[in-house]
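Given next are the chains, with one letter for each unit.
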Amino acid sequence: MDDFALYGDTYGTLLVDATTRLPLTLWEGRDAEQLSRWLREHPGVEVTCRDGSLTYRQGITGGAPDAMQVSDRFHLWQGLPRRVQDIASAHRGCLPAALPPAGESNPAPAEATAGNNAEDSRAARHARRLFEAVQAVTSTGRSHSSVARELGLDRRTVGKYARANTWHEVMRRPPRKPSALDPYLDYLQQRWDEGQHSAKILHEELQMKGYLGHYQRVKMAVAPLRRGLPLDEPRERPPSPRETARWITTHPHRRNLHISERLPRLLDHCPELRRTHDLVRRFAAMLGNRDATPLPGWLNDLTNSGLTPLVGLAGALHEDRHAVALGITTPYSSGVNEGRITDVKLQKRLMAGRAGVPLLRHRVVLIAHLRRRYADQPTGPCR
């Protein structure tokens, strides 16, 4: 069983037979009582595969208490990157350490400068000021709506700053904007050293080499050289929290050279991310080996990690530990639902939203069974 977006903010539930891989039924909502009622009306269910939601867990327990509940492997793994991203956001000041040092003889100042620039930027000062103001008012127990009216902020903004542990978590990261001129900077420096100081001529030469940018961009690029300053080289930005989470959750054998060079440097600099990386790789090993024996010890280490996002995840997994262990060791998964949900969305588009859930249910179930029937029929000789 799995949920899908039915329309707007309303979700539906789809049930698929794990043996035949055909849809059984669907309905609007994620209601435990409705799931329990369906299971009681269709006795004999032995194995149920679901996500980690409490609603489905309660529905299965009420309708088929003897059925084995299996937590889907995809949903188990999906919960980790979000937590890792939260941890990376809380330790955003460590992320510049992933960048290679400007010089081997003095790498520390380069990292410190990058960190200080991030701390002293306008966005950082704005985030810190809002964080302190929101935290000072919400700590008194007032509602987010009243705080929003007092500070002149949106209620969702107040909620975001109130939930954050540090101001680093809410600071926006400037977007990466690579320039089309970057591959030609070495050539510009070479021609400038040879005595060619005309931006117009340099632009014409770059056009002959394939540069499609504007003349003004070349003029701005050589402006530091006219003042006796070095050419502005493209600077690599620190990884974002999302990129950091992707680095950590990617299997070591599938990391490219870029990640393999920068991730160890970042982990050596930040003990919290090092701890997170080790815990993630241990869970990945359990999934890869289909071995849930280390699960209790891993959950204890998760609880004692001191990392708030992982502590919360440990509590949720511990309550559902039997289904989690079965999700690790058994071959059952909700992967078959993903293809069927695609069929549901196709039928919704074909009906252009003019039909209700009963017709959608009949079309999805009937068409899937008709496809299977015609696929199983033997083909006759060609004439």
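Higher on the page you've got the structure.
Remember, it's a predicted structure, so these values are computed and weren't measured experimentally.

Q: Please explain the packing of helix α3 (residues 73-90) against helix α11 (residues 241-249) as it appears in this structure.
A: To describe two helices that pack against each other, one gives the angle between their axes and the distance between the axes. In the contact formed by α3 and α11, the axes pass within 8 Å of each other and the chain directions differ by 130°. The orientation of α3 relative to α11 falls into the category oblique. Taken as a pair, α3 and α11 cross one another with a handedness that is right-handed. Along its contact with α3, which presents W77, P81, V84, Q85, A88 and S89, the element α11 presents P241, R242, T244, A245, I248 and T249. Looking at side-chain class alone, the contact of α3 with α11 contains seven nonpolar, four polar and one charged residues.

Q: Hey, could you run me through the nonpolar core in this one?
A: When a protein is soluble and globular, its nonpolar side chains tend to lie buried together. Core analysis: the largest hydrophobic core is formed by 34 residues, its most contacted members being L273, F283, W298 and I328. Broken down by secondary-structure element, the contributors of at least two residues to this core are α3, α11, α12 (257-269), α13 (271-289), α14 (295-303), α15 (308-319) and α16 (321-329). Looking at this core element by element, the count peaks at six residues for α13. Judged by nonpolar contacts, the second largest core, of 14 residues, contains A199, L206, Y211 and L231.

Q: How should the sheet that holds strand β2 (residues 10-16) be read in this particular structure?
A: Sheet strands associate in pairs through backbone hydrogen bonding, adopting either a parallel or an antiparallel arrangement. Judged by pairing direction, the sheet is antiparallel, and its three strands sit side by side in the order β1-β2-β3 without closing on themselves. Where the open sheet ends on each side, the last strands, each with one partner, are β1 (2-7) and β3 (23-28). For this sheet the average axis-to-axis angle between neighbouring strands, irrespective of direction, equals 30°. Pairing analysis gives five bridges linking β2 to β3, with the strands arranged antiparallel. By the bridge assignment, L14 is partnered in β3 with L26. The sheet contacts of helix α17 (residues 335-350) involve β1, β2 and β3, and relative to β1 the element is tilted by about 15°. Across the sheet, helix α18 (residues 357-376) touches β1 and β3, and the angle it forms with β3 is around 165°.

The rules behind these values
Residues numbered from 1 in each chain as written. Predicted model: local features only at pLDDT ≥ 70, side-chain atom pairs only at ≥ 80, totals over all residues. Heavy atoms only, no water. Axes fitted to C-alpha atoms, helices over the stretch in contact; angles between N-to-C directions. Helix = DSSP H or I, 4+ residues; strand = E, 2+ residues; numbered from the N terminus. Parallel < 35°, antiparallel > 145°, perpendicular 65-115°, else oblique. Left-handed = near helix turned anticlockwise from the far one by under 90°. Contact = heavy atoms within 4.5 Å. Nonpolar A, V, L, I, M, F, W, Y, C, P; charged D, E, K, R; others polar. Core = buried A, V, L, I, M, F, W, Y, C linked by side-chain atoms within 4.5 Å. Buried < 20%, exposed > 50% of the residue type's maximum accessible area, 1.4 Å probe, protein only. Pairing = 2+ DSSP bridges.

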